[in-house]
Amino acid sequence: MTSFKSFQLELDTRHDKYERLVKLSRDITIESKRTIFLLHRFTSAPNGEEIINESEVKLDAVRRKIKQVAQELIGEDMYQFHRAISPGLQEYVEAVSFQYFIKTRSLISVEEINKQLIFTAENREETTNMTSNSHDKQPHTWSLKVTPVDYLLGVADLTGELMRLCISSVGNGDIDTPFELSQFLRQIYDGFTFIGNTGPYEVSKKLYTLKQSLAKVENACYTLKVRGSEIPKHMLADVFSTKTEMIDQEEGLS
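In this text, all values refer to a predicted model and were calculated from it rather than measured experimentally.

Q: Can you walk me through helix α2 (residues 48–72) in this structure?
A: For α2, with 25 residues, the first-to-last C-alpha span of 37 Å sits near the 36 Å given by 1.5 Å per residue. Listed in full, the buried residues belonging to α2 are G48, I51, I52, S55, L59, V62, R63, I66, K67, V69, A70 and E72. Taking the backbone nitrogen of E49 as reference, a side-chain oxygen 3.2 Å away marks N47 as the first, capping residue of α2.

Quick look at the structure:
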(Lines give C-alpha, C1' and ligand atoms only; values in the text may rest on other atoms or scores of the structure.)
Protein backbone atom coordinates (compact mmCIF):
# COMPACT_ATOMS: atom_id res chain seq x y z
CA MET A 1 0.00 0.00 0.00
CA THR A 2 2.86 2.35 0.72
CA SER A 3 4.10 1.91 -2.85
CA PHE A 4 0.67 2.71 -4.27
CA LYS A 5 0.42 5.79 -2.06
CA SER A 6 3.71 7.05 -3.45
CA PHE A 7 2.52 6.32 -7.01
CA GLN A 8 -0.69 8.24 -6.32
CA LEU A 9 1.23 11.21 -4.96
CA GLU A 10 3.55 11.21 -7.98
CA LEU A 11 0.65 11.02 -10.46
CA ASP A 12 -1.30 13.79 -8.69
CA THR A 13 1.77 16.01 -8.70
CA ARG A 14 2.30 15.39 -12.40
CA HIS A 15 -1.36 16.04 -13.24
CA ASP A 16 -1.33 19.30 -11.26
CA LYS A 17 1.80 20.42 -13.10
CA TYR A 18 0.18 19.51 -16.43
CA GLU A 19 -2.90 21.62 -15.61
CA ARG A 20 -0.73 24.59 -14.61
CA LEU A 21 1.14 24.33 -17.92
CA VAL A 22 -2.14 24.19 -19.86
CA LYS A 23 -3.30 27.41 -18.18
CA LEU A 24 0.04 29.11 -18.90
CA SER A 25 -0.16 27.96 -22.52
CA ARG A 26 -3.61 29.55 -22.83
CA ASP A 27 -2.29 32.83 -21.42
CA ILE A 28 0.62 32.73 -23.89
CA THR A 29 -1.81 32.10 -26.76
CA ILE A 30 -4.09 34.99 -25.77
CA GLU A 31 -1.26 37.52 -25.34
CA SER A 32 0.40 36.40 -28.60
CA LYS A 33 -2.88 36.89 -30.49
CA ARG A 34 -3.21 40.38 -29.03
CA THR A 35 0.30 41.14 -30.27
CA ILE A 36 -0.62 39.95 -33.77
CA PHE A 37 -3.77 42.12 -33.79
CA LEU A 38 -1.64 45.09 -32.75
CA LEU A 39 0.91 44.47 -35.51
CA HIS A 40 -1.83 44.49 -38.15
CA ARG A 41 -2.28 48.18 -37.35
CA PHE A 42 1.26 48.82 -38.59
CA THR A 43 0.18 49.50 -42.19
CA SER A 44 -2.42 52.11 -41.22
CA ALA A 45 -0.75 53.70 -38.18
CA PRO A 46 0.77 57.17 -38.67
CA ASN A 47 3.82 56.14 -36.63
CA GLY A 48 4.77 52.52 -37.24
CA GLU A 49 7.68 52.70 -34.80
CA GLU A 50 5.25 53.11 -31.90
CA ILE A 51 3.42 49.94 -32.95
CA ILE A 52 6.71 48.00 -33.04
CA ASN A 53 7.73 49.29 -29.61
CA GLU A 54 4.32 48.45 -28.14
CA SER A 55 4.44 44.96 -29.65
CA GLU A 56 7.89 44.45 -28.09
CA VAL A 57 6.43 45.27 -24.67
CA LYS A 58 3.65 42.71 -25.24
CA LEU A 59 6.13 40.06 -26.39
CA ASP A 60 8.22 40.68 -23.27
CA ALA A 61 5.08 39.93 -21.24
CA VAL A 62 4.64 36.71 -23.21
CA ARG A 63 8.25 35.73 -22.51
CA ARG A 64 7.62 36.21 -18.80
CA LYS A 65 4.83 33.64 -19.10
CA ILE A 66 7.18 31.31 -21.00
CA LYS A 67 9.68 31.84 -18.19
CA GLN A 68 7.10 30.44 -15.77
CA VAL A 69 6.72 27.42 -18.07
CA ALA A 70 10.49 26.94 -18.04
CA GLN A 71 10.48 27.09 -14.23
CA GLU A 72 7.78 24.40 -14.10
CA LEU A 73 9.86 22.15 -16.35
CA ILE A 74 13.10 22.35 -14.33
CA GLY A 75 14.25 18.77 -13.79
CA GLU A 76 11.44 17.39 -16.01
CA ASP A 77 11.39 15.85 -19.47
CA MET A 78 9.81 18.58 -21.60
CA TYR A 79 8.36 16.10 -24.08
CA GLN A 80 6.20 14.53 -21.37
CA PHE A 81 4.41 17.89 -21.11
CA HIS A 82 4.78 18.97 -24.72
CA ARG A 83 1.09 18.63 -25.60
CA ALA A 84 0.23 21.06 -22.81
CA ILE A 85 2.56 23.85 -23.96
CA SER A 86 2.70 23.30 -27.74
CA PRO A 87 -0.31 25.52 -28.72
CA GLY A 88 1.10 28.47 -26.79
CA LEU A 89 4.59 28.06 -28.25
CA GLN A 90 3.18 27.89 -31.79
CA GLU A 91 1.23 31.11 -31.27
CA TYR A 92 4.33 32.79 -29.81
CA VAL A 93 6.39 31.74 -32.84
CA GLU A 94 3.69 33.19 -35.09
CA ALA A 95 3.69 36.51 -33.22
CA VAL A 96 7.46 36.93 -32.95
CA SER A 97 8.03 35.91 -36.58
CA PHE A 98 5.32 38.36 -37.74
CA GLN A 99 7.02 41.19 -35.87
CA TYR A 100 10.41 40.13 -37.23
CA PHE A 101 9.08 40.12 -40.81
CA ILE A 102 7.61 43.60 -40.46
CA LYS A 103 10.96 44.90 -39.18
CA THR A 104 13.37 43.03 -41.48
CA ARG A 105 11.27 41.57 -44.33
CA SER A 106 12.80 38.14 -43.61
CA LEU A 107 12.02 34.99 -41.62
CA ILE A 108 13.35 34.58 -38.10
CA SER A 109 15.25 31.34 -37.42
CA VAL A 110 14.44 28.88 -34.66
CA GLU A 111 17.90 29.55 -33.19
CA GLU A 112 17.13 33.26 -32.91
CA ILE A 113 13.82 32.50 -31.20
CA ASN A 114 15.48 30.18 -28.70
CA LYS A 115 18.11 32.83 -27.89
CA GLN A 116 15.28 35.03 -26.63
CA LEU A 117 14.04 32.24 -24.34
CA ILE A 118 17.13 32.05 -22.10
CA PHE A 119 16.15 33.37 -18.69
CA THR A 120 17.95 34.40 -15.53
CA ALA A 121 16.76 34.55 -11.93
CA GLU A 122 15.79 38.18 -11.34
CA ASN A 123 15.69 37.99 -7.56
CA ARG A 124 16.77 35.84 -4.61
CA GLU A 125 13.31 34.27 -4.25
CA GLU A 126 13.42 32.83 -7.79
CA THR A 127 16.92 31.49 -7.16
CA THR A 128 15.71 29.80 -3.95
CA ASN A 129 12.71 28.27 -5.75
CA MET A 130 14.94 26.93 -8.50
CA THR A 131 17.21 25.26 -5.96
CA SER A 132 14.34 23.81 -3.91
CA ASN A 133 12.54 22.42 -6.98
CA SER A 134 15.51 20.29 -7.95
CA HIS A 135 17.72 17.78 -6.15
CA ASP A 136 20.89 19.14 -7.74
CA LYS A 137 22.26 22.65 -7.68
CA GLN A 138 20.92 24.52 -10.68
CA PRO A 139 22.59 27.43 -12.48
CA HIS A 140 21.02 30.86 -12.27
CA THR A 141 20.06 30.69 -15.96
CA TRP A 142 17.64 28.30 -17.63
CA SER A 143 15.85 28.09 -20.96
CA LEU A 144 12.91 26.65 -22.87
CA LYS A 145 13.60 25.52 -26.42
CA VAL A 146 11.01 25.74 -29.18
CA THR A 147 10.96 22.38 -30.95
CA PRO A 148 11.40 22.23 -34.76
CA VAL A 149 7.78 21.03 -35.14
CA ASP A 150 6.39 23.95 -33.11
CA TYR A 151 8.53 26.32 -35.15
CA LEU A 152 7.26 24.91 -38.46
CA LEU A 153 3.63 25.02 -37.33
CA GLY A 154 4.06 28.62 -36.14
CA VAL A 155 5.58 29.65 -39.47
CA ALA A 156 2.73 27.93 -41.32
CA ASP A 157 0.23 30.00 -39.30
CA LEU A 158 2.29 33.11 -40.06
CA THR A 159 1.36 32.81 -43.75
CA GLY A 160 -2.28 33.52 -42.91
CA GLU A 161 -1.30 36.75 -41.16
CA LEU A 162 0.87 37.76 -44.11
CA MET A 163 -2.10 37.20 -46.42
CA ARG A 164 -4.18 39.58 -44.26
CA LEU A 165 -1.28 42.05 -44.24
CA CYS A 166 -1.30 41.94 -48.05
CA ILE A 167 -5.00 42.85 -48.28
CA SER A 168 -4.74 45.63 -45.68
CA SER A 169 -1.64 47.06 -47.40
CA VAL A 170 -3.50 47.36 -50.68
CA GLY A 171 -6.40 49.03 -48.91
CA ASN A 172 -3.93 51.66 -47.65
CA GLY A 173 -2.57 52.26 -51.15
CA ASP A 174 0.61 50.20 -50.79
CA ILE A 175 1.06 48.47 -54.15
CA ASP A 176 4.58 47.07 -53.62
CA THR A 177 3.99 44.98 -50.48
CA PRO A 178 1.73 42.32 -52.15
CA PHE A 179 4.43 41.43 -54.69
CA GLU A 180 7.04 41.27 -51.93
CA LEU A 181 4.77 39.04 -49.84
CA SER A 182 4.00 36.81 -52.81
CA GLN A 183 7.68 36.06 -53.36
CA PHE A 184 8.24 35.50 -49.63
CA LEU A 185 5.26 33.13 -49.30
CA ARG A 186 6.36 31.22 -52.38
CA GLN A 187 9.75 30.59 -50.74
CA ILE A 188 8.05 29.34 -47.56
CA TYR A 189 5.72 27.11 -49.57
CA ASP A 190 8.65 25.66 -51.52
CA GLY A 191 10.37 24.89 -48.22
CA PHE A 192 7.31 23.09 -46.86
CA THR A 193 6.88 21.05 -50.04
CA PHE A 194 10.39 19.64 -49.50
CA ILE A 195 9.09 18.23 -46.21
CA GLY A 196 5.90 16.93 -47.85
CA ASN A 197 4.41 13.84 -46.21
CA THR A 198 7.72 12.80 -44.66
CA GLY A 199 7.32 15.20 -41.73
CA PRO A 200 4.87 15.14 -38.82
CA TYR A 201 1.16 14.88 -39.61
CA GLU A 202 0.43 18.37 -38.30
CA VAL A 203 2.96 19.92 -40.70
CA SER A 204 1.51 18.21 -43.79
CA LYS A 205 -1.97 19.25 -42.63
CA LYS A 206 -0.90 22.92 -42.51
CA LEU A 207 0.39 22.70 -46.08
CA TYR A 208 -3.14 23.03 -47.48
CA THR A 209 -3.83 26.23 -45.51
CA LEU A 210 -0.45 27.61 -46.58
CA LYS A 211 -1.32 26.93 -50.21
CA GLN A 212 -4.63 28.78 -49.77
CA SER A 213 -2.87 31.86 -48.37
CA LEU A 214 -0.36 31.83 -51.22
CA ALA A 215 -3.14 31.55 -53.82
CA LYS A 216 -4.97 34.55 -52.35
CA VAL A 217 -1.83 36.72 -52.36
CA GLU A 218 -0.95 35.67 -55.91
CA ASN A 219 -4.51 36.46 -56.96
CA ALA A 220 -4.14 39.93 -55.43
CA CYS A 221 -0.88 40.46 -57.34
CA TYR A 222 -2.52 39.31 -60.56
CA THR A 223 -5.40 41.76 -60.07
CA LEU A 224 -2.96 44.58 -59.36
CA LYS A 225 -0.87 43.81 -62.41
CA VAL A 226 -3.72 43.32 -64.87
CA ARG A 227 -6.49 45.57 -63.55
CA GLY A 228 -4.65 47.86 -61.15
CA SER A 229 -4.96 50.88 -63.42
CA GLU A 230 -8.72 50.33 -63.90
CA ILE A 231 -9.72 50.07 -60.22
CA PRO A 232 -9.44 53.07 -57.86
CA LYS A 233 -7.03 52.44 -54.99
CA HIS A 234 -9.72 52.83 -52.32
CA MET A 235 -11.73 50.01 -53.95
CA LEU A 236 -8.89 47.50 -54.40
CA ALA A 237 -9.30 45.96 -50.94
CA ASP A 238 -13.03 45.33 -51.56
CA VAL A 239 -12.24 43.67 -54.88
CA PHE A 240 -9.66 41.38 -53.25
CA SER A 241 -12.04 40.48 -50.43
CA THR A 242 -14.70 39.47 -52.95
CA LYS A 243 -12.22 37.38 -54.95
CA THR A 244 -10.96 35.73 -51.75
CA GLU A 245 -14.51 34.67 -50.86
CA MET A 246 -14.95 33.24 -54.36
CA ILE A 247 -11.73 31.21 -54.01
CA ASP A 248 -12.90 29.85 -50.63
CA GLN A 249 -16.25 28.80 -52.14
CA GLU A 250 -14.59 27.10 -55.11
CA GLU A 251 -12.24 25.17 -52.82
CA GLY A 252 -15.17 24.17 -50.63
CA LEU A 253 -16.99 22.70 -53.62
CA SER A 254 -13.95 20.85 -54.97
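Moving on from the model shown.
Q: Any chance you could explain the packing of aromatic side chains here in plain terms?
A: How two aromatic rings sit relative to each other is set out by the distance from centre to centre and by the angle between their planes. All chains considered together, the criterion is met by 2 aromatic pairs. Judged by centre distance (4.6 Å) and plane angle (40°), the rings of F101 and F184 are tilted. Residue F101 is located in helix α3 (residues 82–104), and its partner F184 is located in helix α7 (residues 176–195); the two are separated by 83 residues in the primary sequence. Comparing F101 with F184, the two get one shared label, buried. Looking at K225, its charged tip hangs above the ring of F179, at a distance of 5.7 Å from the centre.

Parameters at a glance
- Residues numbered from 1 in each chain as written.
- Predicted model: local features only at pLDDT ≥ 70, side-chain atom pairs only at ≥ 80, totals over all residues.
- Heavy atoms only, no water.
- Helix = DSSP H or I, 4+ residues; strand = E, 2+ residues; numbered from the N terminus.
- Expected span 1.5 Å × (residues − 1).
- Buried < 20%, exposed > 50% of the residue type's maximum accessible area, 1.4 Å probe, protein only.
- Polar contact = N/O pair within 3.5 Å; in protein donor to acceptor, adjacent residues only side chain to side chain.
- Phe/Tyr/Trp six-rings, centres within 6.5 Å; stacked < 30°, edge-to-face > 60°.
- Lys NZ or Arg CZ within 6 Å of the ring centre and 35° of its normal.

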